[in-house]
Each structure stands twice: as structure tokens, then as C-alpha cells.
Amino acid sequence: MITLEDSYKHRGMRKKLVKLIENKGITNHQVLKAIGKIPRHFFFDNAFVEHAYQDKAFPIGEGQTISQPYTVAFQTEMLNIKPENKVLEIGTGSGYQACVLLELGVELHTIEYQKVLYERTRNFLPKMGYNANFYHGDGSKGIPDQAPFDNIIVTAGAPLVPKSLVNQLKAGGVLIIPVGDNDKQKMYRITKLAENKIKKEAFDFFSFVPLLGKEGWGK
Ligand code: SAM
């Protein structure tokens, strides 16, 4: 069972988590404010609430995870988001990352491969007051009908940068994606400088569940 109660104790634990993430190098105030505002324990069953404010990933069912708060903050900071940007998130999962993006004032399109998670999160987020456009399907191909996007965030580990995602970026747009094997992935930021010109920057290693689908690891 999940209880939607945000107590003084929860808020205190959240404050400590924000400090920890800040100490790890996150500087974007809006990102830190979003982490400080969103009750991450709402995404956990009551039995596991103690885990909600630790800086770690946690199982959410269907073999998937809610990402580590630092990872959520890092990917969001790297996107250089402006309010009202049109953003695509691949891997809706629990919806926590989606809430962080929505706190930055974006128009969010988020796609999830696992039907159970898609349905759960599409029903749950509006109850928290967060509204996004939810899709069920293979996000490795992007969402051509909704393209182009200012920002694309991939929250699962890919074998390569999917061409479709680069194609669906606006000129000036930014894609953040972990690329590597099933064990660990290097975080890449791709900036589309002009229609046929991209800049590729590499950051640290992270560990994500695999990106499935046609331009991921397959089924
Ligand atoms: N953003 C999520 C959150 O805040 O909870 C992180 C979830 S988890 C690390 C990655 C998610 O990507 C999983 O829910 C998984 O089912 C999903 N996924 C994997 N491959 C996908 C694909 N091709 N299209 C859409 N979602 C995918």
C-alpha cells in the first residue's frame, strides 16, 4: 500500500537528500528545488519508505527500477532545460523523473515499454497533480508524430545512440543518453548544433536497466 502523506519527517529526509546531491556536484537550483519538493516516498510501498530518501535506485516491479536521485538530477541538469521546452522522456517507469521535468515547466511526452508501468504511472501522476502526455510503446524509435523535441532524455541503457532520436531533435536541441553494455554505461550528451552537425560530450559511467526495442537491445 502507498500512503500519500508528506510528514515533517519525510521533508527532513528530503532536505538531507538535496544536500547530498548538491555535495555530489549538482548546481542547478531548479533541479535541487524539484528534488526537495517531490515526495519520492509516494513512489514506494509503505514497507520500503525508509529507502525513498537514500541516494539509490530501487525496484518498481516488472524488473525495472526508479532511478537513483543523483542520476535523475544529473541527467536533468545536463539537458539545459528552459520552461515550455517540448521534452521527450524514454522510460516513464515510476514517473519520478517525469515529475522533476514537469517541475521545470516543460511540455512532457513520456513513453514506457512495459504496459503495467505505463498504466500505473499514467493513473498515478495526475493524482499527485502532475500532467504529462503518456505513451505505451518502443521509445527507442522516439515518437515521430510528436517530433521535433527541444530535449530528449533516455532513462535506460542503450547499445548505441538511436538515429531516430537524433533525427527527432530540434536544431539546438539536446539529447542525454547512457550508452554501453548491460553492466555499465557512459553518459553522453548530444547537442544538435544544426541539421547535419552534432556535438557529442561524454561524462561518467552509470548503471541503468537496458533500453529495449528496435534501436535498443531488442525485445
Ligand atoms: N524514468 C524512470 C523513473 O523515474 O522511474 C526510470 C525508470 S527505469 C531506470 C527505465 C525504464 O525504461 C523502465 O521502466 C523500462 O521499462 C523502460 N524502457 C526500457 N526500454 C524502453 C523502450 N524501448 N521504450 C520505452 N521505455 C523503455
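Now for a look at the structure at hand.

What counts, and at which threshold
- Residues numbered from 1 in each chain as written.
- Predicted model: local features only at pLDDT ≥ 70, side-chain atom pairs only at ≥ 80, totals over all residues.
- Heavy atoms only, no water.
- Core = buried A, V, L, I, M, F, W, Y, C linked by side-chain atoms within 4.5 Å.
- Buried < 20%, exposed > 50% of the residue type's maximum accessible area, 1.4 Å probe, protein only.
- Helix = DSSP H or I, 4+ residues; strand = E, 2+ residues; numbered from the N terminus.
- Near = heavy atom within 4 Å.
- Polar contact = N/O pair within 3.5 Å; in protein donor to acceptor, adjacent residues only side chain to side chain.
- Areas by Shrake-Rupley, 256 points an atom, 1.4 Å probe, with all protein chains shown as cover.
- Nonpolar A, V, L, I, M, F, W, Y, C, P; charged D, E, K, R; others polar.

1. Description of the nonpolar core
Turning to step 1, where the next piece is worked out: Ranked by internal contacts, the top residues of the largest apolar core, which has 49 residues, are Ile 38 and Phe 43.
Turning to step 2, where the next piece is worked out: Going through the elements one at a time, helix H1 (8-23), helix H2 (29-37), strand S1 (58-61), helix H3 (69-78), helix H4 (96-103), helix H5 (115-127) and strand S7 (169-180) are the ones with two or more residues in this core.
Turning to step 3, where the next piece is worked out: The dominant element in this core, judged by the number of residues it contributes, is H4, at six residues.
Turning to step 4, where the next piece is worked out: Core analysis: the next-biggest nonpolar cluster, separate from the first, contains 18 residues, Phe 149, Ile 152, Leu 165 and Ile 177 among them.

2. Quick notes on the site of the ligand
Turning to step 1, where the next piece is worked out: Of all residues adjacent to the ligand, which total 28 residues, the nearest are Gly 91, Ser 94, Glu 112, Gly 139 and Leu 212.
Turning to step 2, where the next piece is worked out: The side chain of Ser 94 places a nitrogen or oxygen atom 2.6 Å from an oxygen atom of the ligand.
Turning to step 3, where the next piece is worked out: In isolation the ligand offers 600 Å² of accessible surface; the protein chains occlude 99% of this area.
Turning to step 4, where the next piece is worked out: Going through the elements one at a time, strand S2 (64-66), strand S3 (86-90), H4 and strand S4 (107-112) are the ones with two or more residues in the shell around the ligand.
Turning to step 5, where the next piece is worked out: Along the lines of polarity and charge, the residues of the shell around the ligand split into eleven nonpolar, 14 polar and three charged.

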